Amino acid sequence: MDAFTPHLLDGKVNLKNLLPTEMEQLMLALGQPRYKWQQIWRWMYVRLVDRFEDMTDLSKDFRRKLEEVAVIPSMGLHLHQQSEAQDTDKFLFKMADGSLVESVKMKYLVGHGRIAICISSQVGCAMACSFCASGLAGLQRNLATWEIVDQVVQIQKAVEPLGQRVANVVYMGIGEPFHNYEAVLRSTRIINCGEGLGIGMRHLTISTSGLVPQIRQLTAEKLPIRLAISLHATNNELRNQIMPVNRKWPIEELLVACREYQEASGRRITFEYVLLEGVNDSLAEAEALGRMLRGLHVLVNLIPWNPVDGAPYERSRPGRIRAFQEKVEAQGPKCTVRQEKGADIEAACGQLRLRDMAGTAKSKERRQRGDRPA
Ligand code: SAH
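Source: prediction; values computed, not measured. (Residues numbered from 1 in each chain as written. Predicted model: local features only at pLDDT ≥ 70, side-chain atom pairs only at ≥ 80, totals over all residues. Heavy atoms only, no water.)

I'd like a description of helix α10 (residues 251-265), backed by residues and values.
Here α10 spans 21 Å end to end across 15 residues, near enough to the 21 Å set by a 1.5 Å rise per residue. Its buried side turned inward, α10 meets α7 (212-221), β12 (226-230), α8 (236-242), α9 (245-248), β13 (269-275) and α11 (283-292). Positioned one or two residues after α10, Gly266 has a phi angle of 70 degrees, which is positive. (Helix = DSSP H or I, 4+ residues; strand = E, 2+ residues; numbered from the N terminus. Expected span 1.5 Å × (residues − 1). Contact = heavy atoms within 4.5 Å.)

Talk me through the packing of aromatic side chains; I want residue IDs and the actual numbers.
For the structure on display, the rule yields 6 aromatic pairs. Consider the rings of Phe91 and Phe93, whose centres lie 6.4 Å apart with planes at 10 degrees: the pair is stacked. A relative accessible area of 1% means that Phe91 is categorised as buried. By relative accessible area, which is 0% here, Phe93 ends up buried. Aromatic pair Tyr273 and Phe324: ring centres 5.2 Å apart, planes at 35 degrees, arrangement tilted. Residue Tyr273 is found in strand β13, and its partner Phe324 is found in helix α12 (residues 318-330); the two are separated by 51 residues along the sequence. Directly above the ring of Trp43 sits Arg47, whose terminal nitrogen or CZ lies 4.1 Å from the centroid. (Phe/Tyr/Trp six-rings, centres within 6.5 Å; stacked < 30°, edge-to-face > 60°. Buried < 20%, exposed > 50% of the residue type's maximum accessible area, 1.4 Å probe, protein only. Lys NZ or Arg CZ within 6 Å of the ring centre and 35° of its normal.)

Tell me what's going on with the confidence of the model for the protein chain, and back it up with residues and numbers.
The predicted coordinates of low-pLDDT regions are not to be read in fine detail. The predicted model of the protein chain averages 89 in pLDDT, with 90% of residues at 70 or higher. Segment residues 341-351: pLDDT under 50, and 37 contacts once partners within four positions in sequence are set aside and those in other chains are kept. In the model, residues 353-374 has pLDDT below 50 throughout and makes 43 contacts with residues more than four positions away in sequence or in other chains. (pLDDT = per-residue confidence, 0-100.)

Mind laying out the state of the cysteines, listing which residues take part and the relevant values?
By the definition in use, this model includes 0 disulfides. Between Cys129, a cysteine without a disulfide, and Cys132, which holds the nearest cysteine sulfur, the sulfur-to-sulfur distance is 6.1 Å. Its relative accessible area of 9% is what places Cys129 among the buried residues. (Disulfide = S-S within 2.5 Å.)

Can you explain the pairing of strand β14 (residues 298-304)? Please cite residues and give values.
Counting buried positions over the 7 residues of β14 gives 7, a clear majority of the element. A two-sided burial pattern is seen for β14, the buried positions comprising Val298, Val300, Leu302 and Pro304 on one face and Leu299, Asn301 and Ile303 on the other. Two elements, β13 and β14, share 7 bridges in a ladder whose sense is parallel. Each bridged residue has a counterpart across the sheet, and for Phe271 the counterpart in β14 is Val300. (Pairing = 2+ DSSP bridges.)

Which residues make up the packing of helix α6 (residues 181-192) against α7, and what values go with them?
Contact pair α6 / α7: the axes reach a minimum separation of 12 Å and the direction vectors enclose 30 degrees. When the interaxial angle is binned, α6 and α7 end up roughly parallel. The interaxial crossing formed by α6 with α7 has right-handed handedness. Residues Tyr181, Glu182, Leu185 and Arg189 of α6 pack against Gln214, Gln217, Leu218 and Glu221 of α7. Taken together, the residues of the contact of α6 with α7 break down into 3 nonpolar, 2 polar and 3 charged. (Axes fitted to C-alpha atoms, helices over the stretch in contact; angles between N-to-C directions. Parallel < 35°, antiparallel > 145°, perpendicular 65-115°, else oblique. Left-handed = near helix turned anticlockwise from the far one by under 90°. Nonpolar A, V, L, I, M, F, W, Y, C, P; charged D, E, K, R; others polar.)

This is the structure in structure tokens:
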């Protein structure tokens, strides 16, 4: 059972952390036929059951054994907030340590009851982007694999009575997914497994502020996951200022890594660009943006900035956004603007903010002290 040591929770094997192959190993370690993992997996990820006693097609003895050695944790739903105005549903989960985790369900359907959700990868974020509320509050901790997976499970549970199904998942909530690479990648494999949730890799998007080594690592995994890059500036001077990560991985290196990803995966890459009035939204920048992405298969996604308390920015005016969009498209790349009504799943959750927790207060405090992490 040593192989399961990294996946213990209160001394028991945490099944929601395990990959299918590891579940199979666990069955063998428990003296069961290997196919039993599928039975348990289906209970967990199709019937969304988390109590062994409810797994009625397993023998009573085996259920008792599972009870002794394993656990299927689930996060408590702290708040489910429906917002007509933003066309999204917000879910707030409370963890055992009191941390809050936020996910968002887009109201619009990607077809036949299929919905898109946006999930978090960390509690807080270390990237310290100057326009982002979660970045300003700093990192509290990484989410464990099961806490990432459970956001999908819990939302699936909530939407099933409405005849809906989670079909698209974007890792674009709170946190930098590539700063929690192992847990995030593990979660994609669990969410993807066809015996359970069965969400295709092509329907998973990881959004990153631009961690080049991890982009390369993802390239090497050879998975058809979609990649989204938060670019937000066309020159290093500005990007250094608004996204400290750029001081380590400047735009040129980022674009090389994107090109490698594209060549290996054949996937279109989304470039997100938050428009900040008078900061990064000039027509010259639009032209530079369009030009620098030429030769790549991309979608440029313009995001009207969602105001953050204390951040020294304003959202660009609609006319300016349209002009920016046209200028980008004139250079070749396809360019969309995130609709206020959540019409674009890839960006609608950039606005995630934990208004009702200390995070906002903390970020203000840090701002006043002027000690943002580098
Ligand atoms: N750390 C990852 C994913 C989380 S943020 C990343 O940087 O991609 C998801 C997207 O929302 C990013 O593009 C981010 O820059 C953007 N974003 C952050 N704060 C925002 C705000 N206040 N308004 C609009 N978009 C914001």
